[in-house]
Amino acid sequence: MAHTGRTVGRLGEGDWDGKVSEIKKKIKSILPGRSCDLLQDTSHLPPEHSDVVIVGGGVLGLSVAYWLKKLESRRGAIRVLVVERDHTYSQASTGLSVGGICQQFSLPENIQLSLFSASFLRNINEYLAVVDAPPLDLQFNPSGYLLLASEKDAAAMESNVKVQRQEGAKVSLMSPDQLRNKFPWINTEGVALASYGMEDEGWFDPWCLLQGLRRKVQSLGVLFCQGEVTRFLSSSQRMLTTDDKAVVLKRIHEVHVKMDRSLEYQPVECAIVINAAGAWSSQIAALAGIGEGPPGTLQGTKLPVEPRKRDVYVWHCPQGPGLETPLVADTSGAYFRREGLGSNYLGGRSPTEQEEPDPANLEVDHDFFQDKVWPHLALRVPAFETLKVQSAWAGYYDYNTFDQNGVVGPHPLVVNMYFATGFSGHGLQQAPGVGRAVAEMVLKGRFQTINLSPFLFTRFYLGEKIQENNII
């Protein structure tokens, strides 16, 4: 891989430890009788050089790291560093996610991504096995999504299902009578049509996927650093477009990583930066100067991603429905799923709702559930009139305010910053395919398996929204 700037050689960890020990002995021999504490331990610092720096160690960042190492031309050809500021992942979107996977999108690209993810998850130990480590158990529960449409939305649902089937998803359409026969506990009032995922939909353990990816990429030689990216050093080059307009191209040469609980920072020379910082990815983009130009210009176009909060509730329903329970979503945005054989369900709402919990903190808004979510659930499933919330949590997700779809690939002006962000609540389920797509773009210069060109950054400047009708 081509490098920008000078290449800094590094010793392996074992070699470095041995070298330090040898130097200490020499110093001690020069200064007899004195203990040597002159050399500080630097094992917690990132390397001085990395071919690729990935900002964000959630499942999207780890997926990019995995595919970069998987697709590299030879073992050890690419040095990859993942920078994550929260090593506990206590506020990471991945660990606080519901963990659902669905193919019932309206855009072919989203359908393809989720179909690949389903295959990846089903064959997780073929992808992420590590020698002498126990196999992963994602606890994948196949239980299809059931989407309900009113009369005015029925034609759009039919059109969406046609696209889904063309892409290979197994989805059935049901009339209100068929819906009542299959799920008699659902109130079908106002429902004109329903679509139900027959295969490769359901939910899984997101924490297990995160830890499995992390374990695998470490075995492949990926380096990790706990810290926060605070600055980029870059070079600039002024260019003229075909219509004689001046643009400034930037290339990042160095990333400054502020170490955890310290004022100390470490510079890391690099050739590529991957922005997978999730809800905070727009801040990372701003550090690189993205969006600093005049309004209405490409230079002035910001990354339109911001933190949003999703509250998740676990409840008990004494009069819960039978055992065959899908994950259900209706036009209210309320949804729920079965949790094992008891009567526990998880509930939340779609990011397409106009009203959302306050994202200022991760405190659960119980009034939001009581006032906005529960009435819709109880209307659709009368047995939920008796439900009692047992526990709840909240998590951030990276909401794309422009069109609620992901941002994938390079920035047109900061030419060595690549994005994997902005998925507005479905990043976890699409992470395996997105990571592969970003790695293909970095290594091959183009998308090879799934063409994600509609997800490029340039659409924000051009005003070209890609409309996904089923953001869940």
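Heads up: the structure comes first, above all this text.
In this text the structure is predicted, and so the values were computed from the model without any measurement.

K.L.:
Would you mind going over the packing of aromatic side chains with me for this structure?
P.N.:
One pass over the structure, following the stated rule, counts 14 aromatic pairs. With centroids separated by 4.3 Å and ring planes inclined at 25 degrees, the aromatic side chains of Phe120 and Tyr127 adopt a geometry described as stacked. You can call Phe120 buried: its relative accessible area is 1%. For the ring pair Tyr397 and Tyr399, a centre distance of 6.3 Å and an interplane angle of 85 degrees mean the geometry is edge-to-face. Grouping aromatic residues by their ring pairs yields a cluster made of Tyr66, Trp67, Phe116, Phe120 and Tyr127. The ring of Tyr399 has Arg308 sitting right over it, with the charged end atom 3.8 Å from the ring centre. The lysine or arginine in question, Lys465, covers the ring of Phe402, its NZ or CZ lying 5.6 Å from the ring centre.

K.L.:
Would you explain the side chain of Asn275 in this entry?
P.N.:
Note on placement: Asn275 falls in strand 11 (residues 265-275). Separated by 3.3 Å, the side chain of Asn275 and the backbone nitrogen of Ala277 make a polar contact. With near-sequence residues (within four places) excluded, Asn275 lies in contact with Val55, Ser281, Ile284, Ala285, Leu303, Met417, Tyr418, Phe419, Ala420 and Thr421.

K.L.:
Before we go on, may I ask you to explain the sheet that holds strand 3 (residues 100-101) in this structure?
P.N.:
Sheet strands line up and pair through hydrogen bonds in the backbone, either parallel or antiparallel. Reading across from one edge, 3-8-4 is the order of the 3 strands in this open sheet, with antiparallel pairing throughout. Across the chains shown, the open sheet's two edge strands, defined by having one partner strand only, are strand 3 and strand 4 (141-142). With 2 bridges joining them, strand 3 and strand 8 (residues 202-203) adopt antiparallel strand pairing. The residue of strand 8 that forms the bridge with Gly100 is Trp203.

K.L.:
Help me understand the pattern of salt bridges in this model?
P.N.:
When charged atoms on two side chains of opposite charge get close, those side chains can pair. A complete count under the given rule lists 8 salt bridges for this structure. One salt bridge connects Glu72 with Lys69, and the closest N-O pair in it is separated by 3.2 Å. Residues Lys152 and Asp153 are paired through a salt bridge, measuring 3.4 Å at the closest nitrogen-oxygen approach. According to the relative accessible area criterion, Asp153 is partly exposed, its value standing at 25%.

What counts as what
The written sequence of each chain sets the order in which its residues are numbered from 1. Only residues with pLDDT of 70 or above have their local features reported here, since the model is predicted, and side-chain atom pairs are shown and tallied only from 80 upward, although totals for entire chains, interfaces and linings are computed over all residues. The side-chain numbers reported here are obtained from all heavy atoms of the structure, hydrogens and water having been left aside. Note on aromatic pairs: the rings of Phe, Tyr and Trp (six-membered ring only in Trp) are paired at centre separations within 6.5 Å, and the planes decide the class, stacked below 30 degrees, edge-to-face beyond 60, tilted for the rest. Only protein chains enter the accessibility calculation, which uses a 1.4 Å probe; a residue is then buried when its area is under 20% of its type maximum, exposed when over 50%, and partly exposed in between. Note on criteria: charge over ring means Lys NZ or Arg CZ within 6 Å of the ring centre, with the direction from the centre no more than 35 degrees off the ring normal. The way it works is that DSSP assigns letters per residue, a run of H or I at least four long becomes a helix, a run of E at least two long becomes a strand, and they are numbered from the N terminus. Two N or O atoms form a polar contact when they lie within 3.5 Å of each other; inside protein one atom must be a possible hydrogen donor and the other a possible acceptor, and for residues adjacent in sequence the pair counts only when both atoms belong to side chains. Between two residues, a contact is recorded if the distance between any of their heavy atoms is within 4.5 Å. Note on pairing: two strands pair once DSSP finds at least 2 bridges between them. A pairing counts as a salt bridge when a side-chain nitrogen of Lys or Arg comes within 4 Å of a carboxyl oxygen of Asp or Glu.

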